[in-house]
Amino acid sequence: MALAAGDAEDFGTGEAVSKQIFTPYVCKSTAARGKSHAGDIAEASSLSAIPLPPSDYPLWNAFPEAIVQQGKLSQLQLEGVLYACTRHQQILPSGERAGFFIGDGAGVGKGRQIAGVILDNYARGRRRHIWLSTSSDLHVDAARDLRDLGAYMPLINGCAMLDKGTRALGLDRELQEGVLFLTYSTLISAGRAGKSRMDQVLEWLAGGSSNAAAGGAAAAANIAAAARAWDGLLVFDECHKAKNFTPGKEAQSTKVASAVIEIQALLPNARVLYCSATGVSEVWWLTCLVVLTLGLYHCGFV
């Protein structure tokens, strides 16, 4: 029988029940480095009893010492970055690269963790990344998170910015690498010259803005091959936006959900990072998390 708050206090069980369900989060994997998280973080007691698997990923080789010592990324956030990068080292039996899910609650700093994973990849020579989110206004937040980590790489605000920077000989140099920030709505929209925005994104990942229509089938095949080989970061921020996908009933699925499934199929080697505080409120929402669900039984952690 459930007890009201007052009844719980009268019986002295309120605090005991709370301790059984939640426990303060203690970061153990990065405890020797960095600073504690600024806020109070709790986790389910059942999770706290399970230790994280060891990771030998050389995260500290890529990060300036100031990021760690000055607490620009807290120990908790460093842990998220560490295990995302560790997970991305794994290749699933399907041949696709494994993905990682960050499901921290609001205020923990998922954007800062995304920026940390981007910085690690950028430092290792992977210079083109995709960051999908729900609103173009969040571009400002993304810029802040990258800037706060000292990651002064180009942050391209949508395909419209690529349009403005496209010249007769291709893209302006400053737009040829960096982070392409897109909304889910942009991903399903039409572009210029009869091409979709999805096609434009693939062309950019292939090394710039190549005109596949002018180059014919050979150019299109080259772009598709380059997309399959691309191993940069593909971020689905607020990934619950793509929750409405029904396998076998694609016509009943939303365009956004279908596009999220499609781009993952076109980029099998991408380092996929899913982020949402409510991404798995329902189990069937996992459908769009392709390289996460495929990996559930093939890795030490998810």
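To be clear, the structure that these remarks concern was listed above.
The sections below set out a description of the structure shown in this document. (Residues numbered from 1 in each chain as written. Predicted model: local features only at pLDDT ≥ 70, side-chain atom pairs only at ≥ 80, totals over all residues. Heavy atoms only, no water.)

**A closer look at the sheet that holds strand β10 (residues 271–275)**
Step number 1: Pairing is parallel across the open sheet formed by 6 strands, whose spatial order is β3-β10-β9-β4-β8-β5. Edge strands, defined here as strands with exactly one partner in the open sheet, are β3 (100–102) and β5 (155–157). Here the average twist between neighbouring strands, direction ignored, is 20 degrees.
Step number 2: Sheet topology places strand β9 (residues 233–237) next to β10; 5 bridges connect them, and they run parallel. (Pairing = 2+ DSSP bridges. Helix = DSSP H or I, 4+ residues; strand = E, 2+ residues; numbered from the N terminus. Axes fitted to C-alpha atoms, helices over the stretch in contact; angles between N-to-C directions.)

**Describing the nonpolar core**
Step number 1: Grouped together as the largest cluster of nonpolar side chains are 40 residues, with contacts concentrated most on I130, L234, F236, L267 and Y274.
Step number 2: For this core, the element with the most residues is helix α12 (residues 255–266), which contributes 6 residues.
Step number 3: With residues near it in sequence (within four places) discarded, L234 still touches I130, L132, I263, Q264, L267, A270, R271, V272 and L273.
Step number 4: Among the nonpolar cores identified, the runner-up in size contains 34 residues, and Y57, V81, I102 and A142 belong to it. (Core = buried A, V, L, I, M, F, W, Y, C linked by side-chain atoms within 4.5 Å. Buried < 20%, exposed > 50% of the residue type's maximum accessible area, 1.4 Å probe, protein only. Contact = heavy atoms within 4.5 Å.)

**A short note on the packing of aromatic side chains**
Step number 1: The final tally for this structure, using the stated rule, is 2 aromatic pairs.
Step number 2: Each ring, one from W131 and one from F181, has its centre 5.9 Å from the other, and the planes form 55 degrees; the classification is tilted. With a gap of 50 residues between them, W131 in strand β4 (residues 128–133) and F181 in strand β8 (residues 178–183) connect regions that are remote in the sequence.
Step number 3: Centroid distance F236 to Y274: 5.8 Å. Interplanar angle 15 degrees. Geometry classified as stacked. With F236 in strand β9 and Y274 in strand β10, the pair connects residues that are 38 residues apart, well separated along the chain.
Step number 4: The class of F236 is buried, set by a relative accessible area of 1%. (Phe/Tyr/Trp six-rings, centres within 6.5 Å; stacked < 30°, edge-to-face > 60°.)

**Regarding the pairing of β10**
Step number 1: Within β10, 5 of the 5 residues are buried, which leaves the element mostly enclosed by the surrounding structure.
Step number 2: Side-chain alternation along β10 places R271, L273 and C275 on one buried face and V272 and Y274 on a second face that is also buried.
Step number 3: The pairing of β3 with β10 spans 3 bridges and is parallel. Bridging across to β10, F101 finds its partner in Y274.

**Notes on the pattern of salt bridges**
Step number 1: Inspection of every chain in the model, using the stated rule, returns 9 salt bridges.
Step number 2: As a salt-bridge pair, R124 and D120 come within 3.1 Å of each other at their nearest N and O atoms.
Step number 3: By relative accessible area, D120 is classed as buried at 0%.
Step number 4: When the shortest N-O distance is used, the salt bridge between D163 and R197 registers 3.0 Å. Placement of the pair is D163 in helix α8 (residues 159–164) and R197 in helix α10 (residues 197–205), with a sequence separation of 34 residues. For the pair D163 and R197, a shared accessibility class is recorded, and that class is buried.
Step number 5: Connected through shared salt-bridge partners, R112, D141, R144, D145 and D148 make up one network. (Salt bridge = Lys/Arg side-chain N within 4 Å of Asp/Glu carboxyl O.)

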